[in-house]
Amino acid sequence: MVRYSLYASAFLILAMGIFFLLAKKDHPYRSDQKTLEAGKQLFTQQCISCHAIKEEGIGPRLGGITLLLSEKVLTTFIRNPTKSIQSGQERATALQARYKQTMPAFERLEDQEIHAILSYIHGETEQHGIKPFAVGLRENNKDALSGRLVAPVKKSGLKIALEEVLQIPRLKNSSPDLGIVTLRPHPSGDGRLFVSDQGGVLYLITRGKSEVFLDLRSEVKDFSSGPGIATGLGSFDFHPDFLNNRILYITHAEKFNGQPADYTGSDSVKAGVQWVLSEWKMNRIHQQVFKGTRRELLRLHAPTFGHGAQDIGFVPRLDKNNPDYG
């Protein structure tokens with residue numbers, strides 16, 4: 001009788017253990033180290049420009065979302081947020097109303113990549129006990145500021161008429177959040193324009209037609225473009241004395257492969273990208289395609305794919321004798 005009771009007790013304990021083990025994992029997400037590491041890296045590359053796990057940023061925090069929506073619903077939204085909004089998905093519609101913008105589609109991501117990202121988010125959710133982000137319009141948010149902080153803007157009656165000059169072609173495989181960024185005239189004043197695409201191309205516009213002036217994708221070994229607003233070709237500007245020294249400056253992002261930097265941050269999140277400021281010296285002032293030399297001036301680590309060396313420029317109208325000139 002005693003032996004029977006021991007067997008029964010052992011069986012009951014084993015059955016309860018199996019039950020709780022199965023009950024605990026009622027989600028499809030993996031918890032192995034390889035998947036979580038891959039998910040963390042993908043999250044850093046694809047999501048961190050707009051989202052964090054614990055804090056609200058450009059978009060909502062993502063911690064807790066795997067407790068609220070199924071993997072199928074989340075995957076559908078990641079692949080095509082606009083379609084989810086148009087279908088009337090309540091949370092997607094509320095997020096669009098709150099942030100006044102729509103997340104770009106990530107159709108290029110493989111199923112296993114999305115699963116790894118969601119597994120990482122779910123792991124962080126469980127580890128830190130994060131609750132789902134409560135979507136509510138700012139007008140109904142009790143923590144929001146109340147009252148007008150500045151006087152209403154008075155309309156002047158002025159109108160702006162836009163005329164299309166030309167269309168810069170969309171770069172193949174370009175990240176959906178990247179495009180043309182900087183437009184500057186040729187310092188000679190001859191009517192030519194230069195425009196940069198964050199995907200890595202600097203165009204020369206002559207009489208309404210564009211052609212590639214400089215393609216950083218072929219000139220820079222570790223050039224990195226997208227995803228994230230702080231990647232690719234950041235900006236460019238001409239030296240104030242360009243007509244004499246033929247120098248222009250460009251900032252761009254590079255994939256971090258252990259290159260030493262002139263400036264490093266202490267952030268715990270490693271973006272895996274560096275920003276570089278380079279000096280490009282042209283052989284001739286009026287060349288249609290860049291030919292010349294390049295010299296690196298500054299290299300720094302970027303804390304995330306949402307922060308980098310974006311716009312650059314010179315203090316205008318400085319005297320050449322001023323120590324800050326150029």
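This is a predicted model, so every value here is computed, not measured.

## Digging into the packing of aromatic side chains
A full pass over the atoms with the stated rule returns eight aromatic pairs. Each ring, one from Phe 43 and one from Tyr 120, has its centre 5.6 Å from the other, and the planes form 55 degrees; the classification is tilted. Of this pair, Phe 43 sits in helix H2 (residues 33-46) while Tyr 120 sits in helix H7 (residues 111-128); the two residues are 77 residues apart in sequence, bridging distant segments of the chain. For Phe 43, a relative accessible area of 4% puts it in the buried group.

## Concerning the nonpolar core
With 27 residues, the main nonpolar core has Phe 43, Ile 117, Leu 118 and Ile 121 as its most contacted residues. Here this core takes six residues from H7, the largest share from any one element. Formed by 18 residues, the second largest nonpolar core is a distinct cluster that contains Phe 213, Leu 216, Leu 233 and Phe 242.

## Structural notes on the packing of H2 against H7
Orientation of H2 relative to H7, taken along the N-to-C sense of each, is 100 degrees, at an axis distance of 7 Å. Considering their axes alone, H2 and H7 lie roughly perpendicular with respect to each other. Counted together, Thr 35, Leu 36, Ala 38, Gly 39, Lys 40, Leu 42 and Phe 43 of H2 and Glu 113, Ala 116, Ile 117, Ser 119, Tyr 120 and Ile 121 of H7 form the full contact between these two elements. Its residues assigned to classes, the contact of H2 with H7 shows eight nonpolar, three polar and two charged.

## Quick look at the confidence of the model for the protein chain
Taken residue by residue, the protein chain gives an average pLDDT of 84. The fraction at 70 or more is 86%. Taken together, the stretch residues 6-24 has pLDDT below 50 and engages in zero contacts with residues farther than four places along the chain or on a different chain.

## Re the environment of Leu 36
Its place among the elements puts Leu 36 in helix H2. Taking C-alpha positions, Leu 36 is 9.2 Å from Leu 118, a pair spaced 82 residues apart along the chain. Leave out the neighbours within four places in its chain, and Leu 36 touches Arg 30, Ser 31, Ser 119 and Tyr 120.

## With respect to unusual backbone geometry
Residues other than glycine seldom take positive phi values, yet Arg 207 does so here, at roughly 50 degrees. With respect to the helices and strands, the residue Arg 207 is situated in the loop between strand S3 (201-206) and strand S4 (209-215). Phi is positive for Arg 317, which is not a glycine, with a value near 60 degrees.

Conventions adopted
Residues numbered from 1 in each chain as written. Predicted model: local features only at pLDDT ≥ 70, side-chain atom pairs only at ≥ 80, totals over all residues. Heavy atoms only, no water. Phe/Tyr/Trp six-rings, centres within 6.5 Å; stacked < 30°, edge-to-face > 60°. Helix = DSSP H or I, 4+ residues; strand = E, 2+ residues; numbered from the N terminus. Buried < 20%, exposed > 50% of the residue type's maximum accessible area, 1.4 Å probe, protein only. Core = buried A, V, L, I, M, F, W, Y, C linked by side-chain atoms within 4.5 Å. Axes fitted to C-alpha atoms, helices over the stretch in contact; angles between N-to-C directions. Parallel < 35°, antiparallel > 145°, perpendicular 65-115°, else oblique. Contact = heavy atoms within 4.5 Å. Nonpolar A, V, L, I, M, F, W, Y, C, P; charged D, E, K, R; others polar. pLDDT = per-residue confidence, 0-100.

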